[in-house]
Amino acid sequence: MNGDEQRPESATAEPEELAPAAAAKAMRFNQSAFTTFNGPVHVDGVAAFGIANAVSGSGAHRLEGQVPPGVIRDACDKYARPESYAFALKALRSDRVIVLYGPRGSGKQTGALNLTRELGDDRALIMLRHDQTLEDLAKRDYRSGAAYLVLGWSGADADSDGVDVAILALAEKIQGEEGTHLIITSERPISALVAQFHWERPTLESILCAYDVREVEVDREVLEEHSLADLVLFARNLADGMDPQTSLGGLDLANRRKVVAWFDSEPTPHELLEVAALAFLNGLPENKFEPWFERLAAAIIPPPTEAEGPLQPKALSQTRKRDERSLITVVKRAATSPEAIPGQTRRCVEFKSPSFRVHVIAELCGRYPEKFWRPLFGWLNEIIRTPDPEVRDLVTYGLALLAAHDFDSVREEFLQPWSAGEYGLRAWTAAANVLSYMCFDDTVAPLAHRTAIRWSRSEKVLRRCAAAFAFSHAVGVLYPADALRHLWPLSERSETAENGAAAIVLLYVTLTTAGTGDNKVVLKDLISRMRWLRQTDMARLGHTIDIAVNVLGVQLEERSVSAEHLRAQSADAPIFGELWALSVVNRPRRRAVFAAIFDILAEIDDGDEDLPGAAITALRAALPVHERRPFAVEFVRYAMSRAPEDTPRFVSRITSTFKRELR
């Protein structure tokens, strides 16, 4: 037993007032909290992120723009075709616009990715935002030879009288571009004027065959009850040599049935509240969990009456002893605090299966009334103001899971007041983090996106700042281009300028750390914006270059993020070259740009590969002819002043690349 028992901190431990400047500071302080998406909080294996496969756990990919090759590769690996696949492919090739409709979990998105792959491996595959109307989709431009996907179309104008007119206009737009194709996936039919296919999941036999599993000693009816994700995992487990019954016992349906059976057994109030508390604090050390649980129990369970006599002292109650039917266990985990010594462990309270958590929340929502939830919500509002970041992170993830079942309550009770600063800085930060965790679930990721958009237009300054924070993290990973569209106006309004500018930089950090390859979206957006503004608005151009300098110079753990970008994606060197060229010609900011270029080149100039050479060559090509010599002369002089004792190798690369100008 740890002698230093952890007690919940007072809810008034932080100042009541929250200013935008403090919010901006919090954004920078928390810049690495959600960039890896697997940090302090364990994300259950059943969660999917973006268009990720919920079984494999791969994810962290955007929902707009070009589909990353890895996503296509994963979707096409061991794919089992449903019966309508061949008909849909034929219609896609002839009509070039098709709709796949059916319930969630039927494999529409994976089917769409496989269908577009059939059009050719070298074809650009581009995702469009699902929340656009058909009319909006018909108005946009399309590239010849590209394949487009609208995955999980929201049906924004599905019930309008003009849906047939809109879908025809969209089809004509697609068919007017040579070699362009479009697939829309939806939960219901859209219009009979285009080819539509009711998408059913593949047969059990085809799934097993895809994994080269021939015989299964399990009743077919038992397997058919499972979801498509369960069946794919079952087949994969068998292909890896797992026993069929062992595999069945670990599937999501089996875990859901265990949770339902536990609730049906009428648990005691203590057992019920312990499970409810763990739904929001799963994995917390025992000495932290118990005091918070006691607070929740005190808020809901009435005190004993005099007639019931004195109670046994709590210190003498065997509350840690649980029977076999309990959903809860205690696991020893490695202690992670800075003060911990090697080999130190701590007792953590957890559900026996990670997926129990989502099913517990579903059962709590479906069984218990407002009188149960009201004190629980008050308890969560108290917890979120604790100084302990581990506790707050667990709560934010729990609320993201609750949003899948009762988003209205999560929004009204937590997201709106927290984002407005009503519960202080810690809750304000947590509001954006809840949206980040919602992005791990396809069913609520669109709600996180729409919430961030609504916040960005709020009359409340702090709520607009919260939008900037959200767009700089997981919401921005799913929708990077849209995040930038909303962040630029925030960066140009005086009340939110610091937050908006910081968020653009943090979005670049987040995308680089996530490893999706989408960090180039930020750099390309800066380039496009600078090209336009240099012809129209010099003041806004200066503002944009300032942000570009901060993007190029940002560090994470004392390492240049741009250098990490170039190491991982050397093909992006021309993008850096053009961004440097557009920035360095601005005389007032020239020295700051020099510093950013120097730091990046110095960090990547440490291997056999000539990464600096590719970027320097691109820089020279992008510079106006009359700017090349001044740049080369001044930058070499600057580099020598930065390292007078040991001239960096890349300086000679500068002189050789610009040798014509330096004659």
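Criteria and thresholds
- Residues numbered from 1 in each chain as written.
- Predicted model: local features only at pLDDT ≥ 70, side-chain atom pairs only at ≥ 80, totals over all residues.
- Heavy atoms only, no water.
- Helix = DSSP H or I, 4+ residues; strand = E, 2+ residues; numbered from the N terminus.
- Buried < 20%, exposed > 50% of the residue type's maximum accessible area, 1.4 Å probe, protein only.
- Contact = heavy atoms within 4.5 Å.
- Areas by Shrake-Rupley, 256 points an atom, 1.4 Å probe, with all protein chains shown as cover.
- pLDDT = per-residue confidence, 0-100.
- Polar contact = N/O pair within 3.5 Å; in protein donor to acceptor, adjacent residues only side chain to side chain.
- Salt bridge = Lys/Arg side-chain N within 4 Å of Asp/Glu carboxyl O.
- Axes fitted to C-alpha atoms, helices over the stretch in contact; angles between N-to-C directions.
- Parallel < 35°, antiparallel > 145°, perpendicular 65-115°, else oblique.
- Left-handed = near helix turned anticlockwise from the far one by under 90°.
- Nonpolar A, V, L, I, M, F, W, Y, C, P; charged D, E, K, R; others polar.
- Pairing = 2+ DSSP bridges.
- Core = buried A, V, L, I, M, F, W, Y, C linked by side-chain atoms within 4.5 Å.
- Expected span 1.5 Å × (residues − 1).
- Phe/Tyr/Trp six-rings, centres within 6.5 Å; stacked < 30°, edge-to-face > 60°.

Re the overall build of the protein
Thinking step 1. Looking only at helices and strands, one finds 31 helices and ten strands in the protein.
Thinking step 2. Among the 663 residues that make up the protein, the fraction classed as buried is 54%.
Thinking step 3. Of the contacts formed within the protein by residues at least 6 apart in sequence, a portion of 73% connects residues at least 24 apart.
Thinking step 4. With the model as given, the accessible surface of the protein reaches about 30,100 Å², and the carbon-plus-sulfur share is 50%.

Some words on the confidence of the model for the protein
Thinking step 1. Of all residues in the protein, 88% have pLDDT values of 70 or greater, and the mean over the chain is 87.
Thinking step 2. Averaged pLDDT values for the elements of the protein fall to 60 in helix H1 (residues 20–29) and rise to 97 in helix H16 (residues 389–419).
Thinking step 3. Confidence drops under pLDDT 50 across residues 1–5; counting only partners more than four residues distant or on other chains, this segment forms five contacts.
Thinking step 4. pLDDT under 50 marks residues 32–60. Its contacts with residues more than four places away, or in other chains, come to 78 contacts.

Things to note about the environment of Arg411
Thinking step 1. Within the secondary structure, Arg411 sits in helix H16.
Thinking step 2. Residues contacting Arg411, with those up to four places away along its chain left out, are Gln416, Pro417 and Arg454.
Thinking step 3. A distance of 2.8 Å separates the side chain of Arg411 from the side chain of Glu412, its partner in a polar contact.

A look at the pattern of salt bridges
Thinking step 1. Throughout the structure, instances matching the rule amount to 45 salt bridges.
Thinking step 2. Among the ionic pairs, Arg104 bridges to Glu187, the shortest N-O distance being 3.2 Å. Of the two residues, Arg104 is situated in the loop between strand E2 (97–101) and helix H4 (108–117) and Glu187 in the loop between strand E5 (181–186) and strand E6 (195–198); the sequence distance between them amounts to 83 residues.
Thinking step 3. Look at Arg104 and you get exposed, because its relative accessible area is 52%.
Thinking step 4. The partner of Arg129 in a salt bridge is Asp482, and the shortest N-O contact between them spans 3.4 Å.

Regarding unusual backbone geometry
Thinking step 1. Phi angles above zero are rare outside glycine, and Arg96 is one such case at about 75 degrees.
Thinking step 2. Within the secondary structure layout, Arg96 lies in the loop between helix H3 (85–95) and E2.
Thinking step 3. Even without being a glycine, Glu266 presents a positive backbone phi close to 55 degrees.
Thinking step 4. Along the chain, Glu266 falls in the loop between helix H11 (252–264) and helix H12 (269–281).

Considering the side chain of Ser326
Thinking step 1. Within the element layout of this structure, Ser326 appears in the loop between helix H13 (286–300) and strand E7 (328–334).
Thinking step 2. The exposure class of Ser326 is buried, given its relative accessible area of 12%.
Thinking step 3. A distance of 3.1 Å separates a polar atom in the side chain of Ser326 from the backbone nitrogen of Ile328.
Thinking step 4. Every residue in contact with Ser326, bar those within four places of it in the chain, is listed here: Trp262 and Lys352.

Regarding the packing of helix H24 (residues 538–553) against helix H26 (residues 573–584)
Thinking step 1. As a packed pair, H24 and H26 sit with axes 10 Å apart at the nearest point and diverge in direction by 135 degrees. Looking at the two axes, H24 sits oblique to H26. Both H24 and H26 take part in a crossing whose hand is left-handed. Contacts between H24 and H26 pair Ile545, Ala548 and Leu552 from the former with Phe576, Leu579, Trp580, Leu582 and Ser583 from the latter.
Thinking step 2. Each residue belonging to the contact of H24 with H26 can be placed in one class, and the counts come to seven nonpolar, one polar and no charged.

So, the sheet that holds E2
Thinking step 1. Spatial ordering of the open sheet is given by E1-E3-E4-E5-E2-E6, a layout of six strands whose pairing is mixed. Each end of this open sheet is capped by a strand with a single partner; those strands are strand E1 (65–66) and E6.

Overview of the nonpolar core
Thinking step 1. Counting 144 residues, the largest nonpolar core has Leu376, Trp379, Phe631 and Phe635 as its most contacted members.
Thinking step 2. Of the residues forming this core, the biggest block, 14 residues, is contributed by H16.
Thinking step 3. The residues touching Phe631, leaving out its near neighbours within four places in the chain, are Val584, Arg590, Phe594, Ile597, Leu619, Leu623, Ile654 and Phe658.
Thinking step 4. Core analysis: the next-biggest nonpolar cluster, separate from the first, contains 25 residues, Ile98, Leu119, Met127 and Ile183 among them.

Some points on H24
Thinking step 1. Over its 16 residues, H24 extends 22 Å from the first C-alpha to the last, a length consistent with the 22 Å expected when each residue adds 1.5 Å.
Thinking step 2. Turning to H24, its buried residues are Leu541, Gly542, Thr544, Ile545, Ile547, Ala548, Val549, Val551 and Leu552.
Thinking step 3. Two to three positions downstream of the cap, the backbone nitrogen of Ala539 sits 3.2 Å from a side-chain oxygen, assigning the N-cap of H24 to Asp537.

Here we look at helix H2 (residues 69–76)
Thinking step 1. Of all the positions in H2, only Gly70, Val71, Ile72 and Ala75 are classed as buried.
Thinking step 2. On its buried side, H2 packs onto H4 and strand E3 (125–127).

Some details on the packing of helix H23 (residues 519–536) against H26
Thinking step 1. Packing of H23 against H26 brings their axes to within 10 Å, and their N-to-C directions diverge by 35 degrees. Here H23 and H26 pass one another in a crossing that is left-handed. Facing Lys520, Leu523, Lys524, Leu526, Ile527, Met530, Arg531 and Arg534 of H23, the residues of H26 in contact are Ile575, Phe576, Glu578, Leu579, Leu582 and Ser583.
Thinking step 2. Split by residue class, the contact of H23 with H26 holds eight nonpolar, one polar and five charged.

Brief notes about the packing of aromatic side chains
For any two aromatic rings, the description comes down to two numbers: the centre-to-centre distance and the angle of the planes.
Thinking step 1. Inspection of every chain in the model, using the stated rule, returns 24 aromatic pairs.
Thinking step 2. Their ring planes at 25 degrees and their centres at 5.6 Å tell us that Trp428 and Phe469 sit as a pair that is stacked. Highlighted residues: Trp428 in helix H17 (residues 425–438) and Phe469 in helix H19 (residues 461–471), separated in sequence by 41 residues.
Thinking step 3. For Phe469, a relative accessible area of 1% puts it in the buried group.
Thinking step 4. Plain terms: the ring middles of Phe594 and Tyr638 are 5.7 Å apart, the flat faces sit at 45 degrees to each other, and that makes the pair tilted. Residue Phe594 is found in helix H27 (residues 590–604), and its partner Tyr638 is found in helix H29 (residues 625–642); the two are separated by 44 residues along the sequence. No difference in accessibility class separates Phe594 from Tyr638, as the two residues are buried.
Thinking step 5. Cluster of aromatic residues (ring-pair linked, three or more members): Trp262, Phe263, Tyr368, Phe372, Trp373, Phe377, Phe414 and Trp418.

Thoughts on the environment of Ala452
Thinking step 1. Relative to the helices and strands, Ala452 resides in helix H18 (residues 445–456).
Thinking step 2. Along the primary structure Ala452 and Ala470 are separated by 18 residues, whereas in three dimensions their C-alpha atoms are 6.4 Å apart.
Thinking step 3. Setting aside residues no more than four positions away along its own chain, Ala452 makes contact with Leu435, Ala467, Ala470, Phe471 and Val475.

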